[in-house]
Each structure stands twice: as structure tokens, then as C-alpha cells.
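One-letter residues, chain by chain:
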Amino acid sequence: MTEMTRRSFLKTTAGVAAMGAAVPILSGGWPQLLAAEKPGYFEREFGISDALCRKVLAAALARGGDFADLYFEHTIGNWIILEDGQVNRAFSDVALGVGIRTVKGDQVGYGFTQELSEKSMLNAAAIAATIASGVRTKPAGKFSWLETKNYYPLEKLLTAVALEAKLPLVQKLNEKCFALSPLVVKVTANFHDQQKRILVVDSQGGKAEDLQPRDYLTALVVAEKDGRREQAGWNLGGRRDFSYFNQNAIDEIAAKAVHDALLLFDAVQPPAGEMPVVFAPGVTAILLHEAIGHGMEADFNRKKTSTYCTMIGKKVAEPFITIIDDGTIPNLLGSINFDDEGTPGQRTVLVENGILKSYMHDKISARFYKLKPTGNGRRESYQHYVQPRMRNTIMLAGAASAEDIIRGAQKGIYVQNVSNGQVNIGEGDFAFYVSQGRMIENGKLTATIKDINIMGNGPKMLQDITMVGNDLELHQGGTGACGKGGQSVPVGFGQPSCLVKSLTVGGVKS
Amino acid sequence: MNKEMQDLVAWVIKATKSAGADHCKVNLDSNRSVEISYRDRRPENIKEASTKALNIEIYANGRFSLQSTSDLRKGALQDFIANAVAATKLLAEDPLRTLPDPTYYEGRAEVDLELVDPAYKSFSPEARHEMVKSLEKACLRQGGDKVVSVTAQEQDGAQESLQMTSNGFFGYAQGTTYSVFAEMTAKDEGDRRPNGYSYAVAVARKDLPGTEAIGIEAAQRTLAMLGAKKIKTETLPVIVENQNVGRIFGGLMAAMFGRSIQQKRSFLADKKGQPVASKHLTLIDDPFIKGGLGSRLFDGDGFSAKKRTMIEAGILKEFFIDWYYSRKLGVEPTSGSAANLVIPPGPRSVKEIMKDLGRGILITGFIGGNSNPTTGDTSIGISGQLFAKGEPVQAVAEMNIADNHLKFWNKLIEVANDPFLYSSRRFPSLVFENIVVSGL
């Protein structure tokens, strides 16, 4: 189905299993994968040689073009689900294919195939080639491996972790949630692990291979009190070794999910209208992602459809504000050793001391701006072409204490947990959904609030951040998925406490 | 019917049973798709591919798992199936998780739903490019000097799906779809660059509106948002424009599923037979609309499709209950998913209704927002037009509405005559009274 709008959104619904067509459980691992630590996985498993890549790239450039690239992917994902006390269902999914892209200026031709045969790949390359209409260009005669750091080393491949080792995680999580309160009536617990192997080969002679793990453990809890029900969830994960999911992780997820569900029984409806809003550190950084991040993706600026397209080098925030997008933080969900066009993982400063320094670039926008790509060229899978996307978007710490910030707001809203958000790039208008927060009255936290949408305008909000805390927290979740142009990619985020002097709170009382 | 697909599915069933499964369901989807977009009067993206996806539901020793793969090499599949069956046996036993009773497969309607456009095969690359060019041209012309950027796109595809179970179900469906989409970004005061779009989706090309009309509408919708601002918080009547109704309706519908009810995450769980909306809301699930984007003869469980009234004059009549949750809940199943959802249209146009309402807001876009299925609480951002005496007076954005679904749908006072036909949610514009619209 067509993606009907360029509006972008983020979901990080803790615990809510949205698995329409989900996937496998493959117990015991696939022994043949264990030998694949050395580069050359796709050559060993599927016979993808340099000579074959050269031939396909040549076909992709048969009518010219600036460059072409091949993106091979083999992904194995598993979900196990506990409901009503038992792990009685599991899903798994295997995705295998190659995407072939021809780029001419800002024009992209794209074909993909699930069959890694020469014939299928040449067919897909011929489709990609149609974007150009000039004279054949030749791919490089030789390919060299890109050497990168590893921001997510594993002790053991996730595909080698037996199902028997995963089952106790969700069982213990379930038990722990019920043990924490007699009011808990339902628990859904999931564990997901995914192992994505990619190989990027480009016509300029680069080739890069990676193994990207992704996993999370999540609980969704329903509690009942006096005939009324409330729900809350939490998860931990990222690009983690399986050993991360230990008793501490289980305890933390259960404690947070149960605590939050019980809190909501006392929740009141907040007022509606403009007021100061304080963000707790951590998961609330969806604010950054929506209000600021998307507008700084270079494709929107290259096309002049972002409000930030005229602001490079200008003051966009107070001098105590620095915002980065960083693919190099160990084990965070948005970290990447290299991006999906073979540019090494890196840290990009977007806003430095209040000045807009850089957009996030893929190769196409970098050529347009005559800059180096920033390693933000990402895609959902081999079925999708590259777009500039965020990795881990983070506001660095300031000087204020959380108490001072809450006091500074005097009367307003304190946002503790956020489930999703959305932005209209051109207007800069954004919204995000607060699943839990507090009222601030006389500079102090008071009643709990829930289920409210908060709205604002990105550039204005950035200017309106008047205090930044010393308590930077990176969200350690594994479910953050950012949607753009019909594609979803995993992202991370983090921020310290901060005060925005005015946002529109979608409460119900005027 | 594609014999190669049929042979593969039959082989997978056999292989799954040989690997130790008691029962299985196999689904093979095949899809060819083309996408072309234009910007600055030249192609921006051209994309084309054919894909297959195989799904296997395994039932072994009273245990269940679902596997999917795009790696259809037989050797790889054989290993995949063997591993999957072995792993399934490690899960907890669930006696309620079985293939459906085959009696539910019976009674399948024998009608042609007209889901395949016979003209699809002759849809040439040139015709595709011409379509997108004319879409872009109309939008650029209508947008005039306010245009910052226009993107025009068409996507089309042909799908085939084959589903078989080891207890006697066989289903085959095929279809075509065309979608056209145009969006424009306009220059506004300051740094604001409003973006608006228009689209249509249909099974047959002849059922699409002209590309010219879509291009013009995309520009008009964008230009209408120039100068948008938020106004004071006010209690007003609102009209939710037809193509946006689905988004707010989704919050009500999320509580209508068997899983939500069984897992105590539904505010509608105990409301069957009771009013959940004003008398103006009737909701019908109709699988048999010819050329309908959600039309089907059987559902995901293999149940023969039935037309059902889900909500009648505000009274909740049915839930969406699949085979598994029907057994968990101890109730008769309906269907686990909706086909085409229809809210029967009323007699008057949005324009006529606006004249009578005096002052109100026509909601043409939602942003952010969510809905809590356990409690029914919802809050969502809106944009659109403030109107008075039937005429728009000010574009509004960055505003919000919040309510509980059980209250909100009781504020429905009229249904307009304009069902949106380019979706499986055929909803007309809906009119609500006494809505708090928060802004300044």
C-alpha cells in the first residue's frame, strides 16, 4: 500500500506486541552460522563472489549513473510469547534477498530479488538501470573490505541461543509481575531476538559486511482495582548479547511495568491549553526525535521541505543545548558499525551550543551539499531504498538539577513516559502521546496524569527549552521503531531532564 | 491458478507433517509491484520487484508456532521446517490452539468479487510514467508560485495468495491494486512550509479518479493550510473529514477484538448489546463489495466470509473474534479481522451541514495521539479549518481533542453523504457536538 504521507512517526510501545506477520523459534541454533565470524558470509553461504557482484553492478550501470550498490541481507528473527501464564506461541521469520540501486544525481532506480541467482540479480539490476539514460559506466575492478569498529560484540550468536534458554526469561518475568501486586490480573511477556547479516558492495570498490543483533524483553501488565482496569508496559533491549537478559533485567522490567500500571489508578485528567512542560530523562527523548530530529534529516532540507532548510550556522536554541545523532554508543538500538550504504558508524553533532551545525546525510544528500556522508543512510530491508535516518538522537547534559527544573516550571505538566509521536516536517508541528506523567503545582510534582497528547512546533520548542538537567539518561529499550516513507528502522534516543516553557497540552478541561 | 505455487504449498504441507507436525496451515503469497515517483518533472524513484512469502502454522503435540520465510530453496526449507517443528514441541501445551473446526470452512459464497483488473496486464511502463507526469503537472499548476516541492507517485501491483490446511481448507485469491498519490509543500509566512496530499487507491484503474483531479486536490489541500495557527481552547462542533475518520475510529475498534477482551484490555468487553455510541453510528463489515479493497470470500482462519452488522444505531452487536480466542472466551467465533468496514452515509453534504452548525472545525488531519484500549481514553492532535456559517475563516493547526471513546461517540450527531471509496474503511465524514478543542 502506498505510504500516503511523508509525515514521520515513532513508536516505542513498551510491551505491546504488534506482530501481524511475525516469525521463528529455531531452537538449538544453526550450526553453519557459527563459522561465519570471518568476512565472506554471503560468499560462503550463497556463492556471492566479487566477480558476480561486478557483473551485477555493471548491469545496474548499463545506462550510466553516478554509482550503483548491492545490499545483501539474511535476517533471522524469533519471538516467543507468554500469555495466561504459558509460553504457548512462537513466531519466526527468515528474510533473504538483495536490493540493487542505481543512483544518478538525486534519482534512484531500485530492483530487488529474493533469489540470489545470477539471472534474478541481473533482472533486478536491469530495472535499477532504467533511472539513467546515458552511456554505460564501469564498476571498480577490485573491492576492498571496509574495516570498522564493533559497537555490539556478541559472546554467542543469537541464532545459537537455544529456545530452552529463552523460555525462562518470559516465565520469570510473568511470575515477578504477579508477585509484585495482587492487583495484577493479566501479563503478556515477549522475548524477541533478531540477527541481521548484511553485505554492501558498491561500484566504487567498497564492500562491507556486518552482523547486527537486536533483541528485547518486554512485559505488558493489566491491573484491576475496584472494577477499574489500567495497563502499562516496559522493556529493555537493544543490540545486546543474550547474557544481558539476566535476573536484574527481569526485575527492572517487572518493577517498572507494575509500578506504572498501579500509579494510573490515581490519575486525574490534566487541564487543556498552553503551559510549561518538564520532561523526565530517558524515554521522553521521543520529543527530540520528533520535534528536532526528522527536520534535520538532509533529504527534507535538500528538497526545501523542512523548516530547518535555511538554518545551518544559525542559532536555533539556547547556548547550553547540544544535540547529537550517534551511531557509536555500545549496544544502543540505533548503533551501527556502518550504515546501509557502507559509510562507517559515527557521531554527528547536529546542534552545538545552540547553533545548527549539520544535517544527517546519506550519499545522495552529501553529494548535493558537497559534504561527506554522515553514516545516516539507512533502510528497513533489501526491499527498500536508502533514506537519511536517525540512529541514536541525544541531547547532552546541562547543569541544572531535576528539582530546580521542576521548580522552574512552577505550574504545568511533568512527562514521565511517552508511547509514540509524529511530526509534520514542513510545518515543524509535532505531537507525542504521554502514557504517564504528573501535574506540577507550586513547583512540585502532584497528581498522576495519563493518556494525553502534547503538541508543539519543533523550531519554536527548541528555542523554548529554558533549562537542561545534569541527569542525561539513554533509553535502554529495544522496541523503538521510527517510520518514514513507509520504512521502519530501529532507533535509540536519550536526554536529560529539561523544561520547555510552553507546549499545548491536550487535556479535557478548559 | 499458478501450479508452481500450488505444488510448493502441497510439498510444504507434506514436509511439515513428515517432520512430526500433527497439523499445519500453509500460506504462500506472491506479489509483483511497481512504484514510480516524480519530482522536479523527472523520475525521482523507480522501483520494481516480485516477492514471495511463505507462512507455516505448525501444530505439534498440542503446541503451536508460526514460521515465515522468503528463502524458498527446497534444501533450506527442509532444514527450516525440521528445526521449526522440533522447536514447537518445546513450547507449552495449549489444547485450545488447533486448526478450526472444518465446518466453519463451509458455505463459502460463490461470487466474483471483481478483484482483478483485466486491463492490468496491458498497463505499460509508458502509461505509468504518463500517469505520474500528469499528476505532478496538475499539482504544480494549481499550486502556482506557492510551490516549494511537489512529489507525485503511482504504485501498482498484482497479488496472488494460496492457503491450505492439513484438515481440508483450500483457498485461493488474487487481486490488483493501483494507487496514486500527490503531495505538495508550500511556502508560508516565516519558516512554515505546510504540506498537504491527496490520494486514491482502487482495484481497477477505471475506478480511480482522474490524476488531474488528485493533483489539483493535493494543491488545494496544501494551500488551505496556509497561515494555520492555533486558536483559543473552545467547545465546538467538529466535522471529521471522511478520509480521516479511520484514525479516530481505530481507537474504538481496538477494543472490539477477541484478544483484547480475553486479555482484559478492552473497555467494550461487557458492552455487547448496549449502546456505545449515539443512534447515528451503524457499522457494517461487508466482505462482498465488488472491487472493494477489503473484499474476500474467506478470512485468515479460513472461515467463509459473512456480512455482519457490528454496531447498529449505536448498539454494539458483535465483536471480531477469531477461532483461538473464541475457544478461550467460550463464545462463537465471528472473524478475527474486518473486511470492508462501512458506515452507511447520511443524506446531506459536508457543505450543507457546515451551514447549519454555525461555528465549528472541519478536521482534515490528525497528528500524534493514541488511545488506551483498556480504558477508552484518547487524545489526538488535529488540524483543519475553523468555519462559520458554512465558510472557512481560519486554518488551524497544533490543536488537540481528548475524550473517552464511550463519551466521544455519543456526541456523534450526523453522518454526511460522502463515503471515502479509496479504502477498505468506507467512512463518510462524521459530525460531533460539544468537543473541547484545546489550543491557546
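Worth saying up front: this structure is predicted, and the values here are computed from it rather than measured.

Asks: When you look at the overall build of chain B in this model, what are you seeing that I'm missing?
Replies: Helices and strands together make up the secondary structure of chain B, namely nine helices and 17 strands. What you see for chain B is a C-alpha radius of gyration of 24 Å, in line with the 22 Å of a compact globule of 440 residues. With the principal axes as the frame, chain B shows a C-alpha extent of 70 × 55 × 40 Å. For chain B, the residues scored as buried account for 59% of the 440 residues in total. In chain B, the share of contacts with a sequence separation of at least 24, taken over all contacts with a separation of at least 6, comes to 71%. Of the side chains in chain B, 55 bear a positive and 53 a negative charge, and the two mean positions are spaced by 3 Å.

Asks: Can you walk me through the pattern of salt bridges in this structure?
Replies: Scanning the entire structure with this criterion turns up 56 salt bridges over all chains. The shortest N-O distance in the salt bridge between D84 of chain A and K186 of chain A comes to 2.6 Å. With D84 of chain A in the loop between β2 (67-83) and β3 (86-104) and K186 of chain A in strand β6 (residues 184-202), this pair connects stretches of sequence that are 102 residues apart. The class for D84 of chain A is partly exposed, based on a relative accessible area of 32%. The class of K186 of chain A is buried, set by a relative accessible area of 11%. Of the charged contacts, one joins E217 of chain B and R221 of chain B as a salt bridge, the two residues approaching to 3.9 Å between their closest N and O atoms. In this pair, E217 of chain B and R221 of chain B are both assigned in helix α4 (residues 211-223), four residues apart and thus about one turn of the helix distant. Residue classification places E217 of chain B among the partly exposed positions, given a relative accessible area of 31%. Through salt bridges with shared partners, a single ionic network connects D106, R302 and K303 of chain A together with R39, D40, R42 and E44 of chain B.

Asks: Mind showing me how you'd approach the sheet that holds strand β9 (residues 308-312) of chain B here?
Replies: Pairing between the strands of a sheet is mediated by backbone hydrogen bonds and can be parallel or antiparallel. Residues and elements named next belong to chain B. The five strands lie next to each other as β10-β9-β8-β11-β16, forming an open sheet whose pairing is mixed. Of all the strands in the sheet, just β10 (315-316) and β16 (425-426) have a single pairing partner and so form its edges. Summarising the sheet, strand β11 (residues 341-342) and β16 pair through two bridges and their orientation is parallel. For V342, the partnering residue across the bridge sits in β16 and is R426.

Scoring rules and cut-offs
Residues numbered from 1 in each chain as written. Chains lettered and ligands numbered in written order. Predicted model: local features only at pLDDT ≥ 70, side-chain atom pairs only at ≥ 80, totals over all residues. Heavy atoms only, no water. Helix = DSSP H or I, 4+ residues; strand = E, 2+ residues; numbered from the N terminus. Rg over C-alpha atoms; globule rule 2.2 N^0.38 Å. Buried < 20%, exposed > 50% of the residue type's maximum accessible area, 1.4 Å probe, protein only. Contact = heavy atoms within 4.5 Å. Lys, Arg positive; Asp, Glu negative; His and termini not counted. Charge placed at Lys NZ, Arg CZ, Asp CG, Glu CD. Salt bridge = Lys/Arg side-chain N within 4 Å of Asp/Glu carboxyl O. Pairing = 2+ DSSP bridges.

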